[in-house]
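# Observations on chain architecture
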Amino acid sequence: MQHTSYIEISKSAYQKNIQFIKEEIGPKTQISIVVKGNAYGHGIENIVPMAEENGIRHFSTFSADEALRVFLSSQNGSEIMIMGMLQDEDLVELILKGISFYVFDFERLEAAANAAKITGNKAKIHVEVETGFHRTGFEWEERKKLVKFFRDHSDYFELKGLCTHYAGAESIANYVRVRNQIKQYKQFKKWFDSQNITFDKYHTACSAATLLYPETKMDMVRLGIASYGFWPTQETYMYRFQSLPDDNKNPLKRLISWKSSVMHVKSVKMGEFIGYGSSYMAPRQMTIALVPIGYGHGFSRILSNQGKVLISGVIVSVVGTVTMNSIAVDVTDLKNVKKGDEVVLIGSQGDSEISVASFGESSQQVNYELLTRLPQDIPRKVVD
C-alpha cells in the first residue's frame, strides 16, 4: 500500500554539507551530528549511515530512546551522546552500551555513580555548566562540591566532556549575551584546570556558534541544522555571505524533498464555495486538483488559501481550508492535469522550487519546527 506522500533524502547534498563544514572547522575539531527530533525530520535511520559514509563517528541526541536508535543504526561503533532526557533506570543499559550523557545536576550524577558501581564500568559523562542559557547546567557556586564529588567517585566516571549551550548565537541581538557565556565557560575551564580536573573534549558550539564565533569550535562542534542544509537563520547567512567564495555563495544544500500526487481533478462553477465553510469562493470557472495531504501530515492549517505547491513545474495556490487529510489547489491555468501527477510540497520540479524556508514562512514556522513536525510515518527514502 502506498502512503499519501513521501520524503526523499539526498545523499549528494549531504556529502556537500559535510564537506563544507569540515572545511569550516579544520582537521583538529571533531563533528558530532545532532539527530534529535528524528534527525530534524529526516529520519535517524537514514542519517546515521549517510553520516558514517562521510566519516562522521559521533552523534548527539536529546533523549535515551533516540540514542538507542542511533546505536542500532550505526555500522561503525560511533560514539553517542545524550544531551537531555534519560531516566535513572536507563543508566545501567547506557553505561553497558558505552553511550555517554550529559550531567547537569547532582541527582543525575549520583544516579550515574550508582549505576557505574552496579555495572563495573565507568559512566561516560559530559559535564554541562550554566553560563547564561538558564535551562540546565551546574552553577558556578556548585563548582567546589562538583570537584569533590569527582575526586570521591573517581572510579566511576570517565570525564568525556565539559560543555555548555549558547543562548541565541544565531542572532546579533544576543551578541553580548553570547560573549558573556563564552567568558563564563572559560572561567569554568580555568577553575577545573586549577583543580587538575581535565576532560577528553571541550565543546560548546552549535551550528550558529560554529559559523559565527570561531573560538567556540574547540575540540568538537555539535552540528544540527547546518548539516541538513540550512543556515540557522537568514541573519546568519547574511553575516557570512561576504566571506563565502564567489563561486559557492550557497554551500549548504537542502537534503529533503516532500512529494505527493494528484488524487482527483474537479470543475467548480464561478460563485461556488470550495471546501469547508465559506473561506474561498470561486471567482471564475475553475479546475481544482485534490492532493491527499493535510494538517494531519504536517501541512499546516495556517496555509489555507495561501499555501503553494508545484504541479507540472508551475507554482499553484491552495484554495479553501486545509483539512486533516487533503488540500485543494487551483490548476485552472494548467493543461492536462490528471490523477497521479506528481505534486511537490517542498523541493524542485522543472525550473521552479518551493524551499523549506518559503514553506516555513508561509506557515509561520521556523525551519526547525517545520522539519521536526513532519510525521515519522511518512515514508522516507534516500536518493543520490
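Criteria and cut-off values
- Residues numbered from 1 in each chain as written.
- Predicted model: local features only at pLDDT ≥ 70, side-chain atom pairs only at ≥ 80, totals over all residues.
- Heavy atoms only, no water.
- Buried < 20%, exposed > 50% of the residue type's maximum accessible area, 1.4 Å probe, protein only.
- Helix = DSSP H or I, 4+ residues; strand = E, 2+ residues; numbered from the N terminus.
- Pairing = 2+ DSSP bridges.
- Contact = heavy atoms within 4.5 Å.
- Axes fitted to C-alpha atoms, helices over the stretch in contact; angles between N-to-C directions.
- Parallel < 35°, antiparallel > 145°, perpendicular 65-115°, else oblique.
- Nonpolar A, V, L, I, M, F, W, Y, C, P; charged D, E, K, R; others polar.
- Phe/Tyr/Trp six-rings, centres within 6.5 Å; stacked < 30°, edge-to-face > 60°.
- Lys NZ or Arg CZ within 6 Å of the ring centre and 35° of its normal.

In terms of burial, strand β8 (residues 201–205) is largely enclosed, as four of its five residues are buried. Summarising the sheet, β8 and strand β9 (residues 220–223) pair through two bridges and their orientation is parallel. Counterpart to His203 in the pairing with β9 is Met220.

The next thing to look at is the environment of Lys266. Positionally, Lys266 belongs in strand β11 (residues 264–268). The exposure class of Lys266 is partly exposed, given its relative accessible area of 44%. In contact with Lys266, other than residues within four places in its own chain, are Met286, Thr287 and Ile288.

Let us look at the packing of helix α6 (residues 106–119) against helix α7 (residues 143–152). In the contact formed by α6 and α7, the axes pass within 12 Å of each other and the chain directions differ by 0°. Judged by the angle between their axes, α6 and α7 are roughly parallel. Of the residues in α7, those in contact with Phe106, Leu109, Glu110 and Ala113 of α6 are Lys145, Leu146, Phe149 and Phe150. Partitioning the contact of α6 with α7 into residue classes produces six nonpolar, no polar and two charged.

Spatially, β2-β3-β4-β5-β6-β7-β8-β9 is the arrangement adopted by the eight strands of the closed barrel, whose pairing is parallel. Strand-to-strand, the axes of this sheet are offset by a mean angle of 30°, without reference to chain direction. With six bridges connecting them, strand β6 (residues 123–128) and strand β7 (residues 157–163) associate as parallel partners. Considered in β7, the bridge of Glu128 is made with Cys163. Across the face of the sheet, α6 comes into contact with β4 (79–85), β5 (100–103), β6 and β7 while running at roughly 145° to β5.

Relative to the helices and strands, Ala111 is located in helix α6. When residues no more than four places from it in sequence are discounted, the contact partners of Ala111 are Asp88 and Leu91.

Applying the stated criterion to the full structure yields 13 aromatic pairs. When the centroid spacing of 6.3 Å and the interplanar angle of 65° are considered together, the rings of Phe20 and Trp231 count as edge-to-face. Residue Phe20 is found in helix α1 (residues 11–25), and its partner Trp231 is found in the loop between β9 and α10 (234–241); the two are separated by 211 residues along the sequence. The exposure classification of Phe20 matches that of Trp231, with both residues buried. The interplanar angle of 80° and the centroid separation of 6.1 Å between the aromatic rings of Phe150 and Phe157 together place this pair among those described as edge-to-face. Classification of Phe157 as buried rests on a relative accessible area of 6%. These aromatic residues form a ring-pair network of at least three members: Phe106, Phe138, Phe149, Phe150 and Phe157. Its end group placed over the ring of Trp191, Arg143 keeps NZ or CZ at 5.0 Å from the ring centre. Sitting over the face of the ring of Tyr6, Lys381 holds its NZ or CZ atom 4.5 Å from the ring centroid.

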